[in-house]
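If you want the building blocks of each chain, they are given just below.
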Amino acid sequence: MKTALLCLLTTLLISTTVSTVMRLEMAHRDTLFPNTLRRIDTIIGSDQKRHSLISHKRTSGAKLTLRSGFDYGAAQYFAEIRVGTPAKRFRVVVDTGSELTWVNCRFRGKGKKTENRRVFRAEESSSFSKIGCLTQTCKVDLMNLFSLSSCPTPSTPCSYDYRYVDGSAAQGVFGKETFTVRLTNGRVARLPGVLVGCTNSFTGDSFRGADGVLGLALSDYSFTSKASDVFGGKFSYCLVDHLSNKNVSNYLIFGSASSDTKLNATRTTPLDLNVIPPFYAVNVIGLSLGETMLDIPSQVWDATKGGGTILDSGTSLTFLADSAYKAVISGLERYLVGLKRIKPEGLPIEYCFDTTSGFNESKLPQLMFHFKGGARFEPHRRSYLVDAAPGVKCLGFVSAGEPGTNVIGNIMQQNYLWEFDLVASTLTFAPSTCL
């Protein structure tokens, strides 16, 4: 314990007739180090650090501004983070399916030129420290984060080639860095020792308009893990409408959500944190349209049989195993009779319709996700009949094959508050304007 006490072992008494007893004499450490100035300075430094930690845990959480990437041509949600010393701002994709937090970076002059992106210059930050390629951390602990085995010299930093399921990739070197966050009480806190990727090369559409990624997956090395250590094992977000411009925002919060948040119809369901790691899995048991429960095989929802369901802020559309996908599409299609079906170029969505002649989306039946335990998620109709282009709406689902993991994407999650409690293993959600 970080107290002003030291324990000095003085006597060990052994009783053969009753029991073994250990007697410890306790002396204040300042009797051992009597220098007054040193003592006061040490006391103040230790007490301030401890009080800061106590204050963070008791009275506040951290909050990051959260926006739709629509104005940047992205189907992701962006947060603003501050990295390094002095702190520099970066716009990053908020990704609950990624373990690695990284920023567009230069280290020892390496890194390609990227237009309209901010650059973190690692050597200009006094708090950046590299992770060596010969360390246990690099060779063993970071294997799941695609650390590379190449190590030409002992001073070479640990490098990575991080691959995403959509084919995007990021290459760079691992380091530890300090993040600066604004607290819900208006103050500012610094989080030292956060694992960060110094990315000097990346490819893929996932990073359009972004300077990097904020990895929020369930992992010992994600930003979530570090923030949970300081602010408690909760984080929450409220995704504004995905078509909102950059002036419309909400917050990604670590710690308990603000007590003045007024919510109606709050629901809670278990989080299955061990079935599809590092993702946040929920136990869906069925889907319904209106009053009709859809006929979907139970194995679609069984993670032990290749199914199961996750929430993912980094995926835009909602993926359903093929039998669930067909059931939902056929159930919705009958309400779209009379609309001209079209196929917008470059879109992975199969069912799109011309709505220039007018369409009342309230005629669609209410889609409902049924969770084990009785909780039900009722997404807004515009979250599953999505705007793809002027006068064009699409059913926002993609087949995941079968067996396949079902993914509730960020458009389906919009205009709901989602709170992930990693200690209680629960997911709490409620409809919200997110404004």
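A short tour of the structure in this document, coming up. (Residues numbered from 1 in each chain as written. Predicted model: local features only at pLDDT ≥ 70, side-chain atom pairs only at ≥ 80, totals over all residues. Heavy atoms only, no water.)

As a further point, take the nonpolar core. Of all hydrophobic cores here, the largest spans 82 residues; its most connected members are Phe-223, Phe-254, Phe-397 and Phe-420. Top contributing element to this core by residue count: helix α4 (residues 322-333), with 6 residues. Other than its neighbours up to four places away in sequence, Phe-223 contacts Thr-101, Phe-179, Val-181, Leu-191, Val-194, Leu-214, Gly-215, Leu-216 and Phe-254. The next biggest cluster of nonpolar side chains, apart from the first, holds 21 residues, and it includes Phe-78, Leu-145, Tyr-160 and Ala-170. (Core = buried A, V, L, I, M, F, W, Y, C linked by side-chain atoms within 4.5 Å. Buried < 20%, exposed > 50% of the residue type's maximum accessible area, 1.4 Å probe, protein only. Helix = DSSP H or I, 4+ residues; strand = E, 2+ residues; numbered from the N terminus. Contact = heavy atoms within 4.5 Å.)

All right, on to the packing of aromatic side chains then. Taken as a whole and judged by the stated rule, the model has 25 aromatic pairs. Between the aromatic rings of Tyr-162 and Tyr-164, the centroid separation amounts to 4.9 Å while the plane-to-plane angle is 65°, which identifies the pairing as edge-to-face. The exposure classification of Tyr-162 matches that of Tyr-164, with both residues buried. Each ring, one from Phe-235 and one from Phe-254, has its centre 6.1 Å from the other, and the planes form 35°; the classification is tilted. Of this pair, Phe-235 sits in strand β13 (residues 234-238) while Phe-254 sits in strand β14 (residues 249-254), placing them 19 residues apart in sequence. You'll find Phe-235 and Phe-254 in the same group, each marked buried. A connected cluster of aromatic rings, assembled from ring pairs, spans Phe-179, Phe-223, Phe-235, Tyr-237, Phe-254, Tyr-280 and Phe-420. (Phe/Tyr/Trp six-rings, centres within 6.5 Å; stacked < 30°, edge-to-face > 60°.)

For strand β6 (residues 102-106), a buried count of 5 out of 5 residues is recorded, marking the element as mostly surrounded by other parts of the structure. Sheet topology places β6 next to strand β11 (residues 188-203); 3 bridges connect them, and they run parallel. Bridging across to β11, Trp-102 finds its partner in Gly-197. One ladder, built from 2 bridges, connects β6 with strand β12 (residues 212-215); its direction is antiparallel. Bridging across to β12, Val-103 finds its partner in Gly-212. Alignment of β6 against strand β7 (residues 120-121), held across 2 bridges, turns out to be parallel. Its bridge partner being in β7, Cys-105 is matched across the sheet by Phe-120. (Pairing = 2+ DSSP bridges.)

What follows covers the pattern of salt bridges. Two side chains that carry opposite charge are able to pair once their charged atoms sit near each other. All chains considered together, the criterion is met by 8 salt bridges. Note that Asp-241 is salt-bridged to Arg-382, the shortest N-O span being 3.0 Å. Residue Asp-241 is located in the loop between β13 and β14, and its partner Arg-382 is located in the loop between β24 (376-377) and β25 (385-389); the two are separated by 141 residues in the primary sequence. Looking at Arg-382, the relative accessible area reads 31%, which means it is partly exposed. A salt bridge links Lys-326 to Asp-322; its shortest N-O distance comes to 3.1 Å. One end of the pair, Lys-326, and the other, Asp-322, are both in helix α4, 4 residues apart, so they sit about a helical turn from each other. For Lys-326, a relative accessible area of 53% gives the class exposed. Look at the salt bridges and you will find they share partners, linking Glu-80, Arg-118 and Asp-211 into a network. (Salt bridge = Lys/Arg side-chain N within 4 Å of Asp/Glu carboxyl O.)

Along the chain, Thr-266 turns up in the loop between β14 and β15 (267-272). For Thr-266, a relative accessible area of 44% corresponds to the partly exposed category. Non-local contacts of Thr-266, meaning those with residues more than four positions away in its chain, are made with Thr-428, Phe-429 and Ala-430.

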